[in-house]
2 protein chains.
Amino acid sequence: MNNKYDVVIIGGGPAGLTAGIYTSRDNLKSLIIEKGIIGGNMNNAEIIDNYPGFPEGVNGPELANLMHRQAKRYGLETIAAEVIAIKDLGNKKLLQTSDGDIIARAVIIAGGSEKLKLSIPGEKEFTGRGVSYCTTCDAFFFRNKNVVVVGGGNSAIYEAMHLTKFASKIYIIHRRNQLRATAILQERARAETKIKFILDTIVKEIQGKDFVQKLVLENVKTGKKSTLEVDGVFISIGLKPNTDFVKDLLSLDKQGHIITDENMNTETAGILAAGDIRSGAIRQITTAAGDGTIAAIEAKRFIDDQ
Amino acid sequence: MNNKYDVVIIGGGPAGLTAGIYTSRDNLKSLIIEKGIIGGNMNNAEIIDNYPGFPEGVNGPELANLMHRQAKRYGLETIAAEVIAIKDLGNKKLLQTSDGDIIARAVIIAGGSEKLKLSIPGEKEFTGRGVSYCTTCDAFFFRNKNVVVVGGGNSAIYEAMHLTKFASKIYIIHRRNQLRATAILQERARAETKIKFILDTIVKEIQGKDFVQKLVLENVKTGKKSTLEVDGVFISIGLKPNTDFVKDLLSLDKQGHIITDENMNTETAGILAAGDIRSGAIRQITTAAGDGTIAAIEAKRFIDDQ
């Protein structure tokens, strides 16, 4: 059984695929382990406008496919499996997966970070059609439209502030009567005439035809229901990185993201992290690709030094 | 005269173009000042194989053009000029250029870093056709070929070590009889049977037909000339970033690269640096694009905070 690789990459999003292009092209025997679909969060984007090189934009699954073909051209292998645990054996790493054990000389963890979902009717159906988890990616599509930001933390307020450059009206909907965001950010948001707060309120359902048209809201104190007509919903209620399987091996931040140095090294030599799973990541395809490149070069350096 | 911008980007390589895509798309009035050709060092690459999204590779000037069209789509402006000095006026920056003064709220310096040239006959002519300044980019094209690395520092040795995975034979040519590289690196290189050292020697000329075929060498002690048949020449004699115009304003490292934090901030608030001009940059298009993205997001944050 051939289960030995120079580099094993966990996760097949843009960070993992870029790392795979670099390590394979460097003649390192490389494997991506992906439990879902190759491409990661790119698969959720109908159109990606800000990845340089595609002036008319590019469909997310299409960009994922282009990157994957590129990596395969240099010999990258891919398997569908879930990594259960990593054991550090010094100059070798043992990966226990749902498909058996795999040995790697270096490991790049690029499993991404999911935005938390509301898990309400219509959310999944309208994702990419009015429902978004990223204003930097999608605010541009909501010029002169009415949108909602769901959430009460710093990120939610930043997203709302960002949207003021594009949208006509922004409603911040939060389930409590106090925001978690810092006072100065709240103050700044309250000074924006375009921003309106709807507190003590949850979104029960997202409705529409081809695109989002309205939300069903419920006041959590009175139980009273209402509807709100909007063109878009930005959901900003937190992140969930896929790091449970390394929580005993690596240092994680409060949200569970992996802490690395600027060269993508974790505390464990030969185990690197790249992309959205890293603490402090910017969550863009460009930065994921940059991280993947650096992690690949560092993985090669680690292997060469053994 | 309309010479006021939200963001002025100095340099139109991949870092600058990516920053321009992001700032323009964020509704910030943005300008790239480029003294040469838009695209920077990408213009020297006949084929770029490792920028994710192009499985068959992409011609360098073509990728530059795609990125430029994308940025222009969101309103990015470009002028051909040279920046002579930047003056920090706090929440505004004054740029003195060969085309007059320009005011910016934030500045992103992305002027790249040139690899030093040998400045010998044939070098320019065969660049991209056997002459290269980047093994990570081009080693793959020299499988089972004979190549030369010119230089004696750590980078030259790293390039030679990297080439052992591809080339049949690697000659390291250095003009002195001692390398500058650290002892441990030299030791490792000497242990490689594929690597041969030619010391006290300079390359006088690069000759060939369509591609590099041979070098004219001269021993600097004896003055004796000789020829060496090779398929490729990697030149690794140092870097020259374009930072003279900011040397009194910003902290530079020994080579002259701009020192930033991991968010691309220089010591001067509102002036950022991205790509190869940064100290410690990896010099890949992916990492330049990542840097450009982060610098754009930070520039926006700086402007919003004023």
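Since we're looking at a predicted model, the values are computed, not measured.

The next thing to look at is the overall build of chain A. Broken down by element type, chain A carries 6 helices and 17 strands. Radius of gyration (C-alpha) of chain A: 21 Å, near the 19 Å computed for a compact globule of 306 residues. Counting only C-alpha atoms, chain A reaches 60 × 40 × 30 Å along its principal axes. Going through the 306 residues of chain A one by one, you find that 56% of them count as buried. If you sum the accessible surface of chain A, you get close to 13,100 Å²; carbon and sulfur atoms cover 47% of it.

A contiguous patch of negative charge, built from D261(A), E262(A), D261(B) and E262(B), is present on the exposed surface. Its place among the elements puts E262(A) in the loop between β16 (239-241) and β17 (271-273). The exposed category is assigned to E262(A), whose relative accessible area is 56%.

Our next topic: the sheet that holds strand β9 (residues 146-150) of chain B. Residues and elements named next belong to chain B. Here 5 strands make up an open sheet; going across it, the order is β8-β15-β9-β10-β11 and the pairing parallel. Two strands lie at the open edges of the sheet, namely β8 (131-132) and β11 (195-198), each paired on one side alone. Where strand β10 (residues 169-173) and β11 come together, 4 bridges link them in parallel fashion. Its bridge partner being in β11, I173 is matched across the sheet by I198.

Mapping T18(B) onto the fold places it in helix α1 (residues 14-25). Of the residues examined, T18(B) reaches a relative accessible area of 0% and is grouped as buried. Ignoring sequence-local partners within four residues, the contact set of T18(B) consists of P52(A), T286(A), A289(B), G292(B) and T293(B).

When chain A is fitted onto chain B, the two copies agree to an RMSD of 0.0 Å after a turn of 180° and an axial shift of 0.0 Å. In symmetry terms, the pair is related by a two-fold rotation axis. Closest to the rotation axis within chain A is the C-alpha of G290(A), separated from it by 2.6 Å. By residue overlap, the copies meet face to face through one surface: 100% of the interface positions of chain A are interface positions in chain B.

With that settled, consider the interface of chain A and chain B. Listed by partner, the interface residues are 43 residues for chain A and 43 residues for chain B. Summed over both partners, the interface of chain A with chain B comes to about 4,200 Å²; 51% of that surface belongs to carbon and sulfur atoms. Linking chain A with chain B are 10 salt bridges. Counting the contacts that link chain A with chain B gives 38 residue pairs in polar contact (both at pLDDT 80 or more). Element by element, the count of residues in the side of chain A that touches chain B is highest for helix α6 (residues 285-305) of chain A, at 10 residues. Tallied by class, residues from the side of chain A that touches chain B come to 18 nonpolar, 13 polar and 12 charged.

In this structure the tally under the stated criterion is 32 salt bridges over all chains. In this structure, R278(A) and D291(A) form a salt bridge, with 3.0 Å as the shortest nitrogen-oxygen distance. Of this pair, R278(A) sits in the loop between β17 and α6 while D291(A) sits in helix α6; the two residues are 13 residues apart in sequence, bridging distant segments of the chain. Accessibility expressed as a relative area gives 13% for R278(A), which makes it buried. When salt bridges with common partners are traced through the structure, they connect R25(A), R73(A) and D49(B) into a single cluster.

Before going further, it helps to spend a moment on the pairing of strand β1 (residues 4-10) of chain B. Residues and elements named next belong to chain B. Here β1 lies mainly inside the structure; 6 of its 7 residues are buried. Bridge count between β1 and strand β6 (residues 100-109): 6 bridges; the pairing is parallel. Opposite V8, over in β6, you have V107 as the bridge partner. Here β1 pairs with strand β2 (residues 30-34) via 4 bridges, running parallel. The residue bridging V8 from the neighbouring strand is L31, located in β2. Between the parallel elements β1 and β2, the chain passes through α1 in a crossover that is right-handed.

With 71 residues, the main nonpolar core has L63(A), I108(A), L63(B) and I108(B) as its most contacted residues. Excluding its chain neighbours within four sequence positions, the residues that come into contact with L63(B) are G53(A), M42(B), I48(B), Y51(B), F54(B), V58(B) and I285(B).

Here the focus is the sheet that holds strand β13 (residues 212-219) of chain B. Residue and element names in this part refer to chain B. Spatially, β12-β13-β14 is the arrangement adopted by the 3 strands of the open sheet, whose pairing is antiparallel. At either end of the open sheet lies a strand with only one pairing partner, and these are β12 (201-208) and β14 (225-229). On average, each strand axis in the sheet is inclined to that of its neighbour by 25°, with strand direction left out of account. As paired strands, β13 and β14 are joined by 5 bridges and run antiparallel to one another. Following the sheet pairing, L215 is matched in β14 by L228.

Moving on, we come to the packing of aromatic side chains. Counting across every chain of the model gives 12 aromatic pairs over all chains. Seen in terms of ring centroids, F54(A) and F54(B) are 5.2 Å apart; in terms of plane orientation they differ by 20°. Their pairing is stacked. Of the two residues, F54(A) sits in the loop between β2 (30-34) and α2 (60-73) while F54(B) sits in the loop between β2 and α2 (60-73), which places them in two different chains. F54(B) carries the same exposure label as F54(A), and that label is buried. Geometrically, the ring pair formed by F140(B) and F166(B) is edge-to-face, given 6.3 Å between the ring centres and 70° between the ring planes. Pair noted here: F140(B) is in the loop between α3 (135-138) and β9 and F166(B) is in the loop between α4 (154-163) and β10, with a separation of 26 residues, a long-range link. Classification of F166(B) as buried rests on a relative accessible area of 3%. Taken together, the ring pairs connect Y51(A), F54(A), Y51(B) and F54(B) into an aromatic cluster.

What follows deals with unusual backbone geometry. All names here are of chain A. Even without a glycine there, the phi angle at M264 is positive, about 75°. Residue placement: M264 occurs in the loop between β16 and β17. Despite not being glycine, R283 shows a phi value in the positive range, around 65°. Within the secondary structure, R283 is located in the loop between β17 and α6.

With that settled, the discussion passes to the environment of I285(A). Residue and element names in this part refer to chain A. Within the secondary structure, I285 is located in helix α6. Note on I285: relative accessible area 15%, which makes it buried. A sequence separation of 115 residues divides I285 from I170, and the C-alpha atoms of the two residues are 26 Å apart. In this view, I285 contacts P14, M42, I48, Y51, L63 and M67; residues no more than four positions away in its chain are not counted.

Basis of the calculations
- Residues numbered from 1 in each chain as written.
- Chains lettered and ligands numbered in written order.
- Predicted model: local features only at pLDDT ≥ 70, side-chain atom pairs only at ≥ 80, totals over all residues.
- Heavy atoms only, no water.
- Helix = DSSP H or I, 4+ residues; strand = E, 2+ residues; numbered from the N terminus.
- Rg over C-alpha atoms; globule rule 2.2 N^0.38 Å.
- Buried < 20%, exposed > 50% of the residue type's maximum accessible area, 1.4 Å probe, protein only.
- Areas by Shrake-Rupley, 256 points an atom, 1.4 Å probe, with all protein chains shown as cover.
- Patch = residues over 30% accessible without salt bridge, like charges linked within 9 Å, V, L, I, M, F, W, Y side chains within 5 Å.
- Salt bridge = Lys/Arg side-chain N within 4 Å of Asp/Glu carboxyl O.
- Lys, Arg positive; Asp, Glu negative; His and termini not counted.
- Charge placed at Lys NZ, Arg CZ, Asp CG, Glu CD.
- Pairing = 2+ DSSP bridges.
- Contact = heavy atoms within 4.5 Å.
- Least-squares fit on C-alpha atoms with pLDDT ≥ 70 in both.
- Buried area = accessible area lost by both parts, 1.4 Å probe.
- Polar contact = N/O pair within 3.5 Å; in protein donor to acceptor, adjacent residues only side chain to side chain.
- Nonpolar A, V, L, I, M, F, W, Y, C, P; charged D, E, K, R; others polar.
- Right-handed = clockwise from strand over helix to strand, strands pointing away.
- Core = buried A, V, L, I, M, F, W, Y, C linked by side-chain atoms within 4.5 Å.
- Axes fitted to C-alpha atoms, helices over the stretch in contact; angles between N-to-C directions.
- Phe/Tyr/Trp six-rings, centres within 6.5 Å; stacked < 30°, edge-to-face > 60°.

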